Amino acid sequence: MSSFRTVTMVTAVLLVVFAAVSGNRYYLDIFIFTCFYGTLAVCWNMMAGLTGLMSLGHALFVGLGAYSVAWGVSVHGWSPLVTWPMGMGLAVAAAFVIGMLCFRYGLRGYFFAIATLAFGEVAFFMVSATETLGRSDGMIMPISSTDIPGQLQFFEKWPYALIIMTILIGTIGVGEALMRSRTGYYWRALRDNEQAAEALGVNARAFKLRCFMLSAGISALCGAFYANYVAFVDPRSVLGVELSIQMLVYSIVGGMSLLWGPLVGAAVLVPFSILLRDYSAMPGGDIVVYAVLLAVLALLLPQGIAGWFVSKWRT
Amino acid sequence: MTPLLEVQGLSKSFGGLHALSDVSFDVAAGEIFAVIGPNGAGKTTLFNCLAGAAAPTSGTIRLGGERIDGRAPHEICHRGLARTFQLVKPFRGMTVLENVKVAAFSRHPSAKQATTAAQAVLDRVGMAELAAVDAETLNVAQLRQLEIARALATQPQLLLLDEMLAGLTATESAAMCERIRQLPREGIAVIVVEHSIPVVTSLCSRAVVLCFGKVLRRGATREVIADPRVQEAYLGNAQT
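All values derive from a computational prediction rather than experimental measurement.

> Quick question: what am I supposed to make of the packing of aromatic side chains here?
Aromatic ring pairs are described here by two measures, namely the spacing of the ring centres and the angle between the planes. Residues and elements named next belong to chain A. All told, the structure shown has 24 aromatic pairs over all chains when counted by the stated rule. Judged by centre distance (5.1 Å) and plane angle (85 degrees), the rings of Phe-124 and Phe-125 are edge-to-face. Take Phe-124: its relative accessible area is 17%, and that puts it in the buried class. Exposure remark for Phe-125: the relative accessible area of 53% places this residue in the exposed category. Aromatic ring contacts, followed pair by pair, group Phe-33, Phe-36, Tyr-37, Phe-154, Tyr-160, Phe-225, Tyr-226, Tyr-229 and Tyr-250 into a single cluster. Arg-188 extends its terminal NZ or CZ atom over the ring of Tyr-185, reaching a point 5.3 Å from the ring centre.

What follows is the structure, given as structure tokens:
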């Protein structure tokens, strides 16, 4: 599929679903969270599945975006026009520093995963102990009774849906374009055999950093959106390791060899887990069902739903 | 005239192990040069140092008069030195053409130009009909060809070939030798690491023999092979 067709198809599917659920606040909320987790999973997998860099600390970047917005607006009253770029800038800078450290000392595979996990956890505990960031209670952002578009405050949910859809489509578009360019080829080559790639002229450190910084920037963008949508951030929801693991789970279930695979994983699992949680009769029952579903999917479709679909399509 | 590759006093130690000590030789443009020696003599370490995969402990390496020792592999590649690996691993989930494209991107940053260049290289090595094949389904001989195609797509002046004939049938290695013999005519000098003595004598004008990381002998291939010290070290002492 050409990159244009992938973007068109994703856009078409999103618009159809959006039209179908836009009349119902509950379903619209599920749709928004599906797009949010879908974007995160896609940009996480850009590193893990396409470049071979398994990060377990991606919540750090989501948190930088979310806390930039929450802190900026509640302490200084800054507009999203300031706080969103600030969050993304911080995340890109953090990824640059962490990446330089990890790649300089040749951390790969599990070691890279553990190093990123450590950075993420440090941020979690630092924020949980910082007075101005609301400690572990989190920060409630000021809410007015009327819509303030300049602060991205809307009573209706559809403006938020449009924003996160734009972010998701933009991420897929940028990702698809990159995968067809030199950068994408270099990423895949680095994932498979770094030594061979370097011998063929690939600057491994520079291209891994590029991937890490892009992925961190998009994660922060999602985090900034989350803060404006939910109007409340706390360390557990935007900095916890659970969030990083979610990106991994959606990617594995959706299919890690394709850019849009993780989106499929999120589209299946996010609504399913929200509905299960809201409708399960027994406390904790939803988690049992969810876990069984994950195990079954992992056993039946090891290449993920999207990977399975594409292999069926080709034969 | 300055030689294309000039190696002087090259040493490489891993802790107390001297994998290479004081190795010197040079390779002229358009020459096919052999590095021979028994297993563990330091041939692969030498390749790693030349290609930048390992930094030499001391000594200098000059390519076209410029020092390349201690440079990163991708910089050395851009200066015109390409290598193949003993264990050939194609990039997963990529076709033959896409594998070569990765290499072609080093000279052609745009995807379109890289595709054209990669196709031209596949034509040159006679793999054009395999362009759309998934690289993981190739057989050993085809993988070796792909390895050469990838190296050629970086447009090298000097190509290091690490045991390209190992595991090939007689017909396949004859075809491979023919391919290697053409490279100087395309303006590419070659260094081969090879075990088969008949192949080395037929392909290479000059050779260097390594033994325990030291240069045992260097010079014209026939004279080098005939040296009793070389025969003893390399072939084992066959005479009783």
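Having put the structure on the table, let's press on.
> Teacher, can you tell me more about the pattern of salt bridges here?
Opposite charge on two side chains permits them to pair, given that their charged atoms come into close proximity. This model, assessed by the stated rule, comprises 22 salt bridges over all chains. Of the charged contacts in the structure, one is a salt bridge between Asp-278 of chain A and Arg-277 of chain A, with a shortest N-O distance of 3.2 Å. Look at Asp-278 of chain A and you get partly exposed, because its relative accessible area is 36%. Here the residues in one salt-bridge network are Arg-217, Glu-223, Asp-227 and Arg-229 of chain B, joined through shared partners.

> Is there a simple way to explain a nonpolar patch on the surface in this structure?
Residue and element names in this part refer to chain A. A cluster of nonpolar side chains, contributed by Phe-96, Val-97, Met-100, Leu-101, Tyr-105 and Phe-119, occupies part of the molecular surface with about 560 Å² of accessible area. The greatest single-element share of the nonpolar patch, amounting to 4 residues, is contributed by helix 4 (residues 80-104). Among the secondary structure elements, Val-97 is positioned in helix 4. Val-97 gets classed as partly exposed once you look at its relative accessible area, which sits at 47%.

> Whenever I open this one, the domain arrangement of chain B confuses me. Can you help?
Interface size is often expressed as the accessible area that is lost when the parts come together. All names here are of chain B. According to the domain assignment, chain B contains domain 1 (1-80 + 161-240) and domain 2 (88-155). With 16 residues of domain 1 in contact, the opposing surface of domain 2 contributes 12 residues. In this assembly, domain 1 packs against domain 2 so that about 1,100 Å² is buried in total across both faces, 65% of it on carbon and sulfur atoms. The three residues of domain 1 that bury the most area against domain 2 are His-78, Met-164 and Arg-179, which together make up 39% of that side's buried surface. In this assembly, domain 1 and domain 2 are joined by 1 salt bridge. As a salt-bridge pair, Arg-124 and Glu-186 come within 2.9 Å of each other at their nearest N and O atoms. In this assembly, domain 1 and domain 2 are joined by 5 residue pairs in polar contact (both at pLDDT 80 or more). Here the element with the most residues in the side of domain 1 that touches domain 2 is helix 6 (residues 170-182); it accounts for 3 residues. Across the side of domain 1 that touches domain 2, the residue classes break down as 9 nonpolar, 2 polar and 5 charged.

> Looking at this structure, how should I read unusual backbone geometry?
The phi angle of most residues is negative, glycine excepted, and most peptide bonds adopt the trans form. Non-glycine residue Leu-152 of chain A carries a positive phi angle of around 55 degrees. The buried category is assigned to Leu-152 of chain A, whose relative accessible area is 16%. Located in the positive-phi region is Asp-22 of chain B, a residue other than glycine, with phi close to 50 degrees. Within the element layout of this structure, Asp-22 of chain B appears in strand 2 (residues 17-27).

> Would you mind showing me how to read the sheet that holds strand 5 (residues 66-67) of chain B here?
The pairing of strands in a sheet comes from backbone hydrogen bonds and takes either a parallel or an antiparallel form. Residues and elements named next belong to chain B. In space, the 4 strands of this open sheet follow the order 2-1-4-5, with antiparallel pairing throughout. Each edge of the open sheet carries a strand with a single partner, namely strand 2 and strand 5. By the bridge criterion, 7 bridges tie strand 1 (residues 5-14) to strand 2 in an arrangement that is antiparallel. Each bridged residue has a counterpart across the sheet, and for Leu-10 the counterpart in strand 2 is Val-23.

> Teacher, can you tell me more about the environment of Leu-183 of chain B here?
Residues and elements named next belong to chain B. Assignment of secondary structure puts Leu-183 in the loop between helix 6 and strand 8 (189-193). Since its relative accessible area comes to 1%, Leu-183 is described here as buried. With 24 residues separating them along the chain, Leu-183 and Leu-159 place their C-alpha atoms 9.0 Å apart.

> Help me out: how do you make sense of helix 12 (residues 261-279) of chain A in this one?
Since the α-helix advances by 3.6 residues per turn, residues separated by three or four positions end up pointing in the same direction. Residue and element names in this part refer to chain A. Compared with the 27 Å implied by 1.5 Å per residue over 19 residues, the 28 Å span of helix 12 between its first and last C-alpha is a close match. Taken as a whole, helix 12 has its buried residues at Gly-261, Pro-262, Leu-263, Gly-265, Ala-266, Leu-269, Val-270, Pro-271, Ile-274 and Leu-276. Those residues of helix 12 that are buried are in contact with helix 1 (3-21), helix 2 (25-51), helix 6 (158-179), helix 11 (241-254), helix 13 (285-300) and helix 14 (304-314).

Rules used in this analysis
Residues numbered from 1 in each chain as written. Chains lettered and ligands numbered in written order. Predicted model: local features only at pLDDT ≥ 70, side-chain atom pairs only at ≥ 80, totals over all residues. Heavy atoms only, no water. Phe/Tyr/Trp six-rings, centres within 6.5 Å; stacked < 30°, edge-to-face > 60°. Buried < 20%, exposed > 50% of the residue type's maximum accessible area, 1.4 Å probe, protein only. Lys NZ or Arg CZ within 6 Å of the ring centre and 35° of its normal. Salt bridge = Lys/Arg side-chain N within 4 Å of Asp/Glu carboxyl O. Patch = residues over 30% accessible without salt bridge, like charges linked within 9 Å, V, L, I, M, F, W, Y side chains within 5 Å. Areas by Shrake-Rupley, 256 points an atom, 1.4 Å probe, with all protein chains shown as cover. Helix = DSSP H or I, 4+ residues; strand = E, 2+ residues; numbered from the N terminus. Domains from an automatic or database assignment. Contact = heavy atoms within 4.5 Å. Buried area = accessible area lost by both parts, 1.4 Å probe. Polar contact = N/O pair within 3.5 Å; in protein donor to acceptor, adjacent residues only side chain to side chain. Nonpolar A, V, L, I, M, F, W, Y, C, P; charged D, E, K, R; others polar. Pairing = 2+ DSSP bridges. Expected span 1.5 Å × (residues − 1).

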